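The chain contents come next:
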Amino acid sequence: MLELRKVTKQFGGLTALQDVEFTVETGELVALVGPNGAGKSTLFNIIAGAFPPTGGAVIFKGTDVTGYSSHGLARLGVARTFQQTTLFGEQTALENVLHGLHRHLPARLVAGLLELPSYRREQREVERRALGVLELLGIAAYRDAIAADLPLGIQKLLTVAIALATEPVLLLLDEPAAGLSHDEATRMMNLVASEIRQRCTVLLVEHNMRIVAGWCDRAVVLHFGQKIYDGTPDGLTRDQRVVDAYLGVAEIG
Amino acid sequence: MKRGLLTLVVAALALLPPLGAPYVLHVAIVVLVHVVYAQALYIIMRMGYLSFGHAGYIALGGYTSALLATKLAISPWIGFVAGGIVAALLAWALGAVTLKLRGIYFSLSVFAFAEVVNAVFRAFEFFGGPAGIAAVPRPGLFGARLNTHLQFYYVVLAVTLISVVFLYRLQWTRFGFTLLSLRTSATEALAESIGINAARHKTLAFVASCFFCGVMGAVHVHYLRFVSPFVFTFFLSTDLMVYVMVGGLGSFWGPMLGTVLLTGLGEQLFAAGYYKSLVYAVVLLVVILALPGGLISLPHVFRRGAATERATPAAEVAAPRER
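Just so it is clear, the structure is predicted and the values come from calculations on it, not from any experiment.

## Structural notes on the overall build of chain B
The helix and strand tally for chain B stands at 15 helices and 2 strands. Since a compact globule built from 323 residues should have a radius of gyration of about 20 Å, the 20 Å found for chain B is in line with a globular shape. Once the C-alpha set of chain B is aligned to its principal axes, its extents read approximately 60 × 45 × 40 Å. Looking at chain B residue by residue over its 323 residues, the buried ones come to 46%. For chain B, the proportion of contacts with a sequence separation of at least 24, taken over those separated by at least 6, is 76%.

See the structure below:
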């Protein structure tokens, strides 16, 4: 599904990632773990096409997609959420998800300008589809609420809904549970591990060990831009290098 | 009710003018022309872009049609469309490069472009130099020239209605809806991540905006029967932004309201040039400080009541939603 080959990223003289290699198989739920500044978000941005790596390659579904644009990758089936909860804040929850459906909809500019009956019917169908995504995540009640006014827990679910609406093959979640209460985080991860992973492969950034151990199949640990661990979540706490990396900043919940 | 009101306005615009004096018709023509400029500018302001150079595209449309008519005796009807196309092509060329920039960088690049356009018109004799192009003919219809104010008023009204209806419908299409996802650089990154080609959408929006400015610029020049580098200047670009801001960015009808009030009433009450700028400045300041959503947000503000209005985050007031 996804294969990283010797991915390296330098910002000026600073090496953010050094020869990072791992693979994600179809249907897996993998956590990318590491202390602050380990390069997790940089790697995420490279996989999602926000910027290209300095060296190495990203292979997605057998194609070398290194240097592809963000919207190009989205069209291939890579969706993501952002660490800072990013939404179309002035629009309703439903409209947010409607944007997510963009890649599946033809432009139909003329039909739209003339407001043809077929276009209206199609539009209602599209709204039903968007509502379906909200229902899947249990937030359909907020369909007409302005996104910026929603509580953080709902906003986080909405960012996932937008990404899910693109019907991705690979979903990248950047700290989906950050800032959430214990219960909210549990709700989020239960959804990720059930409804969402039935639909796509998931790679998530997380440094909460409760989440990694509780819901993920596998953990990849980055430390100062290098991969230091790749294996089961259980093995994490027994790995000396991981323990060293986390020493003093452990978040074992 | 809204539909009824619109029908009434259109009927009044179509039926009342024969009763008006030439001067009233002149004001009506000026207002309609600026309504199209402001509505066209609104497309890109709705995406969070300020253009300090839309007058450049208006001038391109005007000069194109004026040159075609005076040098090649090509019908102004064709000239109107040609003016729009030339403006659109140059908007595409500039937009493809500069729409990656946000904020002041984009604004300055458009400003610089408009100044270059202006300088070229001034420098070359082919474009009439500083004196401009005189004796631009009015269009003809069924063998007669549309020379009276009343006749030309209907030309302007027709172009205005077509443009405004198109621009209004455009924002309710999928394309128009997608433009709403590109308001800030953060939402643009999100839009890109869900497969929206931001650069293409922004360029197309800019091209559409400049096309209508070009068409109306051509109509405007054939109305004035004259064009020079001093007709469409930087001050027109800033006036247009003032109209949009004063009317309000939150609704399609905001820019129209601002334009009608400021060009219509403004020209009437403060005919002298210096006072006009002063009044615009004061009105703009008052609106920005007291009513960030523009005049169109007044009913919205009243409905919420003063107390809750103050508690609302500024961003939301600045762009109240369309319903």
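## Describing the interface of chain A and chain B
Counting from both sides, the interface comprises 27 residues of chain A and, opposite them, 23 residues of chain B. At the level of elements, α2 (70–76), β6 (78–80), α3 (93–100), α4 (109–114) and α6 (152–165) of chain A are the ones that each hand at least two residues to the side of chain A that touches chain B. The greatest single-element share of the side of chain A that touches chain B, amounting to 4 residues, is contributed by α2(A). Taken together, the residues of the side of chain A that touches chain B sort by class into 12 nonpolar, 9 polar and 6 charged.

## Regarding helix α6 (residues 149–171) of chain B
Its 23 residues give α6(B) an end-to-end C-alpha distance of 32 Å, which sits within 8% of 33 Å, the value for a rise of 1.5 Å per residue. For α6(B), the full list of buried residues reads Phe152(B), Tyr153(B), Val155(B), Val156(B), Val159(B), Thr160(B), Ser163(B) and Leu167(B).

## Regarding the confidence of the model for chain B
All names here are of chain B. Model confidence for chain B is summarised by a mean pLDDT of 86, while 91% of its residues fall at 70 or above. This stretch, residues 306–323, has a pLDDT under 50; its non-local contacts, to residues over four places away or in other chains, come to 22 contacts. Per the prediction output, this complex has pTM 0.88; the corresponding ipTM is 0.90.

## Thoughts on the pairing of strand β4 (residues 55–60) of chain A
All names here are of chain A. Across 5 bridges, the pairing between strand β1 (residues 2–11) and β4 is antiparallel. Bridge pairing links Thr-8 to Gly-55 in β4. Bridge analysis of β4 against strand β5 (residues 63–64) gives 2 bridges, and the strand direction is antiparallel. Across the sheet, Phe-60 pairs through a bridge with Thr-63, a residue of β5. Between β4 and β5, which pair antiparallel and follow one another directly, the connecting turn spans 2 residues, one of which, Lys-61, has a positive phi of 50°.

## Things to note about helix α9 (residues 198–224) of chain B
With 27 residues, α9(B) should cover 39 Å at 1.5 Å per step; its first-to-last C-alpha distance of 39 Å lies within 8% of that length. Once α9(B) finishes, Arg225(B) follows within two positions and takes phi at roughly 65°, a positive value.

## Focus: the domain arrangement of chain A
Residue and element names in this part refer to chain A. As far as domains go, chain A holds domain 1 (1–77 + 170–253) and domain 2 (90–167). Contact residues are listed per partner, giving 12 residues for domain 1 and 11 residues for domain 2. Mapped by element, the contributors of at least two residues to the side of domain 1 that touches domain 2 are α2, β7 (170–174) and α7 (182–199). When residues of the side of domain 1 that touches domain 2 are assigned to their parent elements, the largest contribution, 5 residues, is made by α7. Considering only residue class, the side of domain 1 that touches domain 2 consists of 8 nonpolar, 1 polar and 3 charged.

## Here we look at the sheet that holds β4(A)
The strand order across the open sheet formed by 4 strands is β2-β1-β4-β5 (chain A), and the pairing between neighbours is antiparallel. Taken across any chain shown, the strands that pair with only one partner, and hence form the sheet edges, are β2 (14–24) and β5 of chain A.

## Overview of the pairing of strand β3 (residues 29–33) of chain A
Residue and element names in this part refer to chain A. By the criterion of burial, β3 is predominantly enclosed, with 5 of the 5 residues buried. As paired strands, β3 and strand β9 (residues 218–223) are joined by 4 bridges and run parallel to one another. Following the sheet pairing, Val-30 is matched in β9 by Arg-218.

## Quick look at the packing of helix α5 (residues 117–136) of chain A against α6(A)
All names here are of chain A. In contact at an axis separation of 9 Å, α5 and α6 are set at 135° when each is read in the N-to-C sense. Put simply, α5 runs oblique to α6. Between α5 and α6 the crossing geometry is right-handed. Contacts between α5 and α6 pair Ala-130, Val-133 and Leu-134 from the former with Ala-161, Leu-164 and Ala-165 from the latter. Its residues assigned to classes, the contact of α5 with α6 comprises 6 nonpolar, no polar and no charged.

## Let's talk about the nonpolar core
With 161 residues, the main nonpolar core has Val97(A), Ala161(A), Tyr37(B), Val156(B) and Val219(B) as its most contacted residues. Top contributing element to this core by residue count: α9(B), with 15 residues. Of the residues that make up this core, three or more belong to each of domain 1 (1–77 + 170–253) and domain 2 (90–167) of chain A. When near neighbours in sequence (up to four residues on either side) are disregarded, Ala161(A) contacts Val97(A), Val133(A), Leu134(A), Leu137(A) and Ile139(A).

## Quick look at the sheet that holds strand β8 (residues 201–205) of chain A
All names here are of chain A. Taking strand neighbours across the sheet as the criterion, the 6 strands line up as β6-β7-β8-β3-β9-β10 in an open arrangement whose pairing is mixed. The open sheet terminates on both sides in strands that have one partner only, identified here as β6 and β10 (226–231). Across the sheet, the axes of successive neighbouring strands diverge by a mean angle of 20°, strand direction being ignored. Examined bridge by bridge, β9 and β10 share 5 bridges and lie antiparallel to one another. What sits directly across from Leu-222, in β10, is Lys-227. Set on the sheet, helix α1 (residues 40–48) makes contact with β3, β6, β7, β8 and β9; between it and β7 the angle comes to about 150°.

## Some words on unusual backbone geometry
Although it is not a glycine, Asp19(A) sits at a positive phi angle of roughly 45°. Tracing the sequence through the fold places Asp19(A) in strand β2. Backbone geometry at Ala73(B) places phi at a positive 55°, although glycine is not the residue there. Along the polypeptide, Ala73(B) turns up in the loop between α3 (54–72) and α4 (76–98). Classification of Ala73(B) as exposed rests on a count of 8 C-beta atoms within 10 Å.

## Here's the deal with the environment of Ile47(A)
All names here are of chain A. Its location among the elements puts Ile-47 in helix α1. Taking the C-beta count within 10 Å as the criterion, Ile-47 has 23 such neighbours and is therefore assigned buried. Apart from the residues lying within four places of it in its own chain, the contact partners of Ile-47 are Val-58 and Leu-172.

Thresholds, definitions, all that
Residues numbered from 1 in each chain as written. Chains lettered and ligands numbered in written order. Predicted model: local features only at pLDDT ≥ 70, side-chain atom pairs only at ≥ 80, totals over all residues. Helix = DSSP H or I, 4+ residues; strand = E, 2+ residues; numbered from the N terminus. Rg over C-alpha atoms; globule rule 2.2 N^0.38 Å. Buried ≥ 20, exposed ≤ 12 C-beta atoms within 10 Å, placed from the backbone. Contact = placed C-beta atoms within 7 Å. Nonpolar A, V, L, I, M, F, W, Y, C, P; charged D, E, K, R; others polar. Expected span 1.5 Å × (residues − 1). pLDDT = per-residue confidence, 0-100. Pairing = 2+ DSSP bridges. Domains from an automatic or database assignment. Axes fitted to C-alpha atoms, helices over the stretch in contact; angles between N-to-C directions. Parallel < 35°, antiparallel > 145°, perpendicular 65-115°, else oblique. Left-handed = near helix turned anticlockwise from the far one by under 90°. Core = buried A, V, L, I, M, F, W, Y, C linked by C-beta atoms within 7 Å.

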